[in-house]
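# Per-entry structural report
Spelled out from the first residue to the last, the chains are:
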Amino acid sequence: MKSKQRTAKKEPFFLGLDSSTQSLKATLLDGSLNILQKLTVNFDTDLPGFKTQGGVHRGADGLTVTAPTLMWCAALDLLLEKARKADWPLGEVVAISGSGQQHGSVWFARGGERLLRKLDPRQSLERHMAHAFSFADSPIWMDSSTTAQCRALEKALGGPQAVAALTGSRAYERFTGNQIAKRFQQDPKRYRATEHISLVSSFVASLLMGDYAPIDAADGAGMNLMNIRSRKWAGSALKATAPGLAGKLGSIVPSHAAVGRIHQWFVRRYGFNKACAVIAFSGDNPNSLAGLRLQKAGDVAISLGTSDTVFGSLAQPRPSAEEGHIFANPVEPRGYMALICYKNGSLTRDHVRDAVAGGSWSRFAELVEKAPVGNNGCIGFFIREPEITPPILRTGISRFDGEGRPLDRFRPEVEARAVLESQFLSMRLHGGNVGIHPVSILATGGASVDASVVRVMCDVLGVPVYTGDQADSASLGAAYRALHGWHCLKRKKFVPFAEVMAGAPAFHKAAEPDKAAHAVYTGILKQFAALEKRVIEGK
């Protein structure tokens, strides 16, 4: 009698995708949270036939910015072809999730659902979906052509603060609901011919599962259409936007939900396991929160890049018409996340470095160290680009001495310290206004490697600062969420994200706050707020 041979149990793998403005990225993760492989398709260079610049098409008005929807279909095909040729174990991927640039929308024509369900493995996605859309172009987050629709929504709902209290943000031009209102008003015939409207995130999920994927609550919060507390469509917002909209949007689901299985097209063409689960896709900012493992209230990240971003987990949000956004938390069904963005980030710091330190970061750090903590009350506002937080349209540098008197210039060491202190005081002020009270901070982005920058950040915010190498945090967050959603699916209940992430590598502690320095910054915060108000008002 022959003994039965034992087959070694195959290790499960998890795939995270990120459909960003300029590229489609993939991160392959194993069950022990090890990053195994990464791949990228660049829209401009890998798909030149779509003639994009920076992944987009810009309208002649300078305000309208779109992307060709079929380009995203072609990118998914190309990315998976690259993965297959690189011998990625696609047949052992048990769950897939993804990230999409927030606020963008995809418009399916009547019959779109039928086309998705009957994906033909003999055809490319681009060819099969060529006639699936009522609008061939997708409005994206860079579009700013909907000011009239924003003002109309605010008027209908009782003002900017009422919109923020309901949806988590005041009416923003890039937000999906206002883009929908514009299209309905400009082309009601094609709007009525639209069967379904997806976000970029739920669109890619729809391709993978061969059916309309629901929108997750975290990405749905970036539309000015969802009640931020109930996680359901806000009827008053829908009514003020376009008729019959609820039927075109479908349902909202928790971010950890399994929304379907992968379609046979991907099984036959690329060798995926037919049991591979599709976990709800979400927006790029929520996925970055997951990728940086900001899983409990008080976990905050500060990204120091071309634009500076503060985001973190919240328990008690305070939506504001003046600053920031409140989204549903992608890894805690009852939680929230806040996001505040600054246009004047690394380019502004670089400008000051070049002016006072001859382009040398080491010399800049010496100047910062030379000036006293708090700069003897001297405060500067460095607005080289029209600012988002707080809204300051007039550009220029405003300098004040310790008595609040305007100055034409600072000494080099005062200028160097002022550009850092001003930004982090602003983050402390405006973050606190929307409910961000950090317990710890994860610093990312290019400037986070500079010890002088981290030191000022740490002392102003008054909590430990950590650093870590988390490139492509959105696609990594999507892979983490695929793993998390798979555990929830297996156990048929919500599993705490922190439990699933327990084996992830620890971040490096870069700085502990100096209590005396933090006290100095606490003492000047009120003066900072008063001077900022003067700058906003142009006084």
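Everything numeric here is computed off the predicted structure, so don't read it as measured data. (Residues numbered from 1 in each chain as written. Predicted model: local features only at pLDDT ≥ 70, side-chain atom pairs only at ≥ 80, totals over all residues. Heavy atoms only, no water.)

### Let's talk about unusual backbone geometry
Rules: A helix here means a DSSP run of H or I that spans at least four residues, while a strand means a run of E at least two residues long, and both kinds are numbered starting from the N terminus.
Cis geometry marks the peptide bond from T389 to P390, where omega comes out at -15 degrees. Within the secondary structure, P390 sits in the loop between β21 (379–383) and β22 (396–400). In this structure, K51 is a non-glycine residue whose phi angle is positive, near 55 degrees. Turning to its location among the elements, K51 is positioned in the loop between α1 (43–46) and β4 (57–58). One non-glycine residue, K492, adopts positive backbone phi at about 55 degrees. Inspection of the secondary structure assignment puts K492 in the loop between α19 (473–491) and α20 (497–500).

### Here's the deal with the sheet that holds strand β25 (residues 465–467)
Selection rule: At least two DSSP bridges between two strands are needed for those strands to be called paired. Axis lines are fitted to C-alpha atoms, over the contacting stretch for helices. Their N-to-C directions set the angle, which ranges from 0 to 180 degrees.
Strand order in the open sheet formed by 7 strands is β19-β20-β18-β17-β24-β25-β26, and the pairing between neighbours is mixed. Of all the strands in the sheet, just β19 (325–328) and β26 (508–511) have a single pairing partner and so form its edges. Ignoring which end each strand starts from, the neighbouring axes of this sheet average 30 degrees apart. Both strand β17 (residues 299–304) and strand β24 (residues 440–444) contribute to a ladder of 5 bridges, which runs parallel.

### Focus: the pattern of salt bridges
As a reminder, the rule being used: Take a side-chain nitrogen of Lys or Arg and a carboxyl oxygen of Asp or Glu: if they are within 4 Å of each other, that pair is a salt bridge.
One pass over the full model with this rule turns up 24 salt bridges. For the salt bridge of D46 with K82, the shortest nitrogen-to-oxygen distance reads 3.5 Å. A residue pair is termed long-range when its members are at least 10 positions apart, and D46 in helix α1 and K82 in helix α2 (residues 69–85) qualify at 36 residues. With a shortest N-O distance of 3.4 Å, D211 and R117 are connected by a salt bridge. Taken together, the residues D211 in the loop between α9 (200–209) and β10 (215–216) and R117 in helix α3 (residues 112–117) connect sequence positions 94 residues apart. Overlapping salt bridges bring together E81, R84 and K85 as one network.

### Some remarks on the layout of surface pockets
Our working rule: A pocket, in this scheme, is an open set of points on a 1 Å grid over the protein atoms alone with protein on both sides within 12 Å along at least 5 of 7 lines, while a cavity is a set where a 1.4 Å probe fits but cannot get out; residues line either one if an atom lies within 4 Å of a point. Grid points are joined across faces, edges and corners, and a volume is the space filled by probe spheres set on the points. Lys, Arg, Asp and Glu make up the charged group, whereas Ala, Val, Leu, Ile, Met, Phe, Trp, Tyr, Cys and Pro make up the nonpolar group; the residues left over, Gly among them, are polar.
Considered as a void within the structure, the second largest pocket measures approximately 340 Å³ in volume. Residue lining of the second largest pocket: 19 residues in total, with R293, K296, D299, S440 and F507 positioned closest to the centre. Where the lining of the second largest pocket is concerned, the elements lending two or more residues are β17 and β24. Classifying every residue of the lining of the second largest pocket by side-chain character gives 14 nonpolar, 2 polar and 3 charged.

### Regarding the sheet that holds β4
Spatially, the 3 strands line up as an open sheet ordered β4-β5-β8, and their pairing is antiparallel. Each having just a single partner strand, β4 and β8 (137–139) make up the two edges of the open sheet. Pairing analysis gives 3 bridges linking strand β5 (residues 65–68) to β8, with the strands arranged antiparallel. Looking at β8, one finds that P68 is bridged to D137.

### Notes on empty space enclosed by the protein
Enumeration over the complete set of coordinates arrives at 4 cavities of 30 Å³ or more. Approximately 180 Å³ is the volume found for the largest cavity. Around the largest cavity sit 19 residues that line it, and F382, I383, E387, S422 and Q423 are the ones nearest its centre. Looking at the lining of the largest cavity, the element that brings in the most residues is helix α17 (residues 412–433), giving 4 residues. Residue composition of the lining of the largest cavity, grouped by class: 8 nonpolar, 7 polar and 4 charged.

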